[in-house]
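# Understanding the architecture of this molecule
If you want the building blocks of each chain, they are given just below.
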Amino acid sequence: YAGHALSNSNKIAFNSGAAGYFLSRKSLKGLVEHWNAGVTHCSVGGGDDTASKWLQGNPGLVTAECLGLAMGVGPLDTRDEGGRHLFHA
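First things first, this report covers the structure right here in the doc. (Residues numbered from 1 in each chain as written. Predicted model: local features only at pLDDT ≥ 70, side-chain atom pairs only at ≥ 80, totals over all residues. Heavy atoms only, no water.)

### Side note on the overall build of the chain
A tally of helices and strands in the chain yields 3 helices and 5 strands. Listing the helices and strands of the chain from first to last along the sequence gives β-β-β-β-α-α-α-β. Residues counted as buried form 28% of the 89 residues belonging to the chain. Expressed as a percentage of contacts within the chain between residues at least 6 apart in sequence, the contacts between residues at least 24 apart total 55%. Counting only carbon and sulfur atoms, one obtains 54% of the accessible surface of the chain, whose full area is about 5700 Å². (Helix = DSSP H or I, 4+ residues; strand = E, 2+ residues; numbered from the N terminus. Buried < 20%, exposed > 50% of the residue type's maximum accessible area, 1.4 Å probe, protein only. Contact = heavy atoms within 4.5 Å. Areas by Shrake-Rupley, 256 points an atom, 1.4 Å probe, with all protein chains shown as cover.)

Here it is in structure tokens:
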């Protein structure tokens, strides 16, 4: 799970959707399986619209929570050896 990593106020790391990111085939398959199974960290409000509008409008954060909390997959640091980001928003 590689892209331009950020973190929210809850210290959850996620990749910026504006900069784009990519997933391995295995991670993508796992996401789909978790979404279809209705895993708690992989849906917004459990399908009942209880989540905030901010969270509903940030699919990258929902994806990051599913990958990180349900699957144990975190964002990679994609900066080069000079500390420059390879993904840009």
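### Some words on the environment of Tyr21
Looking at the element boundaries, Tyr21 is found in strand β4 (residues 21-22). Ignoring any residue separated from it by four or fewer positions in sequence, one finds Tyr21 in contact with Tyr1, Ala2, Gly3, Asn15, Ser16, Gly60, Thr63 and Phe87.

### Quick notes on a nonpolar patch on the surface
There is a patch of nonpolar side chains on the surface, built from Leu28, Val32 and Trp35 and spanning about 260 Å² of accessible area. As for its position among the elements, Val32 is in helix α1 (residues 25-37). The class for Val32 is partly exposed, based on a relative accessible area of 36%. (Patch = residues over 30% accessible without salt bridge, like charges linked within 9 Å, V, L, I, M, F, W, Y side chains within 5 Å. Salt bridge = Lys/Arg side-chain N within 4 Å of Asp/Glu carboxyl O.)

### As for helix α3 (residues 59-70)
Over its 12 residues, α3 runs 16 Å from end to end, which matches the ideal 16 Å to within 8%, given 1.5 Å per residue. Phi turns positive one or two residues past the end of α3, at Gly72, with a value near 75°. (Expected span 1.5 Å × (residues − 1).)

### Here's the deal with the side chain of Thr63
Considering the arrangement of structural elements, one finds Thr63 in helix α3. Looking at Thr63, the relative accessible area reads 8%, which means it is buried.

### Side note on the state of the cysteines
Here the structure, examined in full by the defined rule, presents 1 disulfide. Here Cys42 engages in a disulfide with Cys66; their sulfurs sit 2.0 Å apart. The disulfide joining Cys42 to Cys66 has a torsion of about 80° about its S-S bond and is therefore right-handed. Of this pair, Cys42 sits in the loop between α1 and α2 (53-56) while Cys66 sits in helix α3; the two residues are 24 residues apart in sequence, bridging distant segments of the chain. (Disulfide = S-S within 2.5 Å.)

### Points about the side chain of Thr78
Looking at the secondary structure, you find Thr78 in the segment after β5 (76-77). Residue class for Thr78 comes out buried when judged on its relative accessible area of 12%. Here the side chain of Thr78 touches Gly3 through a polar contact of 2.7 Å, landing on its backbone oxygen. Residue contacts for Thr78: discarding those within four places in its chain leaves Ala2, Gly3, Arg84, Leu86 and Phe87. (Polar contact = N/O pair within 3.5 Å; in protein donor to acceptor, adjacent residues only side chain to side chain.)

### Digging into the environment of Ser43
Among the structural elements, Ser43 can be located in the loop between α1 and α2. Ser43 sits 20 residues away from Thr63 along the chain, and the two C-alpha atoms are 8.6 Å apart.

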